[in-house]
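Survey of secondary and tertiary structure
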Amino acid sequence: MLRPLMTALALITLTGGAAFAEDFEVKMLNKDGDDRMVFAPDFLKIAAGDTVHFIPTDKGHNAESIKGMAPEGSAPFKGKIGKQVDVTFDTDGFYGVECKPHFAMGMVMTIAVGDVAAPDDFLAGRIPPKAKARFETQLGNL
Ligand SMILES: [Cu+2]
């Protein structure tokens, strides 16, 4: 309820809605509790224009978009191993994010941009079983 009002006010008083863009941090970790090789958090719901900072808290990880798991028209991204990558999400929809070296170990996360439902074919591509299981858990957060 609040965001549309704030956006409307921003359009009236400022140059655009981006004035209220938010920043989020996601840590790339070897271990988080009982879970190994994880993004923390591994699910985010954000708004278009928000930025996610993927932080290399532990070494040996990266964050990159997964082909076929991003809305049409969105720009793919690919962070370098062991480096921070900052991604601004401008297109509403669902994004699957993987750590390339640990994709098979299930190092994935889901980012939902805007008030949208997960597309029916979000998990239809070739996804390793451990990654698929984590995606299903993440989608359960909706
Ligand atoms: Cu990793």
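As the structure is a prediction and not an experimental result, all values here were calculated from the model. (Residues numbered from 1 in each chain as written. Predicted model: local features only at pLDDT ≥ 70, side-chain atom pairs only at ≥ 80, totals over all residues. Heavy atoms only, no water.)

1. Re the coordination of the copper ion
Counted only if it meets this: For Na, K and Ca the donor cut-off is 3.2 Å; for every other metal, N, O and S atoms count as donors within 2.8 Å. Water does not enter the count, which can leave sites looking incomplete. Four donors are marked tetrahedral only if all angles between them lie between 85 and 135 degrees, whereas four are marked square planar and six octahedral if opposite donors are more than 155 degrees apart and the other angles lie between 65 and 115; the remainder are marked irregular. What counts as a helix is a DSSP run of H or I of at least four residues, what counts as a strand is a run of E of at least two, and both are numbered from the N terminus.
The protein atoms that coordinate the copper ion are His61 (ND1), Cys99 (SG), His102 (ND1) and Met107 (SD), at distances of 2.0 to 2.5 Å. Coordination geometry of the copper ion: the four donor atoms subtend angles of 91 to 132 degrees at the metal centre, consistent with an arrangement described as tetrahedral. Considered as a linear motif, the donors of the copper ion on their single chain read H-x37-C-x2-H-x4-M. Here Met107 lies in the loop between β7 (93–98) and β8 (108–113) and His61 lies in the loop between β4 (51–55) and β5 (64–65), a separation of 46 residues in the sequence.

2. A word on the pattern of salt bridges
How we decide: Criterion for a salt bridge: a side-chain nitrogen of Lys or Arg within 4 Å of a carboxyl oxygen of Asp or Glu. Each residue's exposure class comes from its accessible area (1.4 Å probe, protein chains only) as a fraction of the maximum for that residue type: buried when under 20%, exposed when over 50%, partly exposed otherwise.
Throughout the structure, instances matching the rule amount to three salt bridges. A salt bridge links Asp115 to Lys45; its shortest N-O distance comes to 2.8 Å. A residue pair is termed long-range when its members are at least 10 positions apart, and Asp115 in the loop between β8 and α2 (129–139) and Lys45 in strand β3 (residues 43–46) qualify at 70 residues. Between Lys100 and Glu98 there is a salt bridge, with its nearest N and O atoms 3.8 Å apart. Residue Glu98 is classed as buried on the basis of its relative accessible area of 5%.

3. Section: the UniProt feature "binding site: Cu cation" (unreviewed entry) in the protein
The condition is simple: UniProt positions are given in the numbering used here, feature names are shortened, and annotations may be inferred rather than shown by experiment. Whether two residues are in contact is decided by their heavy atoms: any pair within 4.5 Å suffices.
Summarizing the sequence annotation, UniProt attributes the feature "binding site: Cu cation" (unreviewed entry) to His61, Cys99, His102 and Met107 in the numbering used throughout. In terms of the greatest pairwise C-alpha distance, the residues named above, spread along 47 residues, form a tight cluster of at most 9.2 Å across. Within the fold, Cys99 resides in the loop between β7 and β8. Of the residues examined, Cys99 reaches a relative accessible area of 0% and is grouped as buried. The contact partners of Cys99, leaving out residues within four places of it in the chain, are Phe39, Gly60, His61, Asn62 and Met107. Looking at the element boundaries, His102 is found in the loop between β7 and β8. Judged by its relative accessible area of 13%, His102 is buried. Not counting chain neighbours up to four residues away, the residues in contact with His102 comprise Met37, Gly60, His61 and Met107.

4. Observations concerning the sheet that holds β3
Under the convention used in this document: Think of it this way: DSSP has to see at least two bridges between two strands before they count as a pair. Every axis corresponds to a line fitted to the C-alpha atoms, with the helix fit spanning only the stretch in contact, and the corresponding angles, defined between N-to-C directions, vary from 0 to 180 degrees.
An order of β3-β8-β7-β5 is seen for the four strands of this open sheet, with the pairing classed as mixed. One side of each edge strand has no neighbouring strand; the edge strands of this open sheet are β3 and β5. In this structure, β7 lies alongside β8, joined through six bridges in antiparallel fashion. Each bridged residue has a counterpart across the sheet, and for Gly96 the counterpart in β8 is Thr110. α2 contacts β3, β7 and β8 of the sheet and is inclined by roughly 35 degrees relative to β8.

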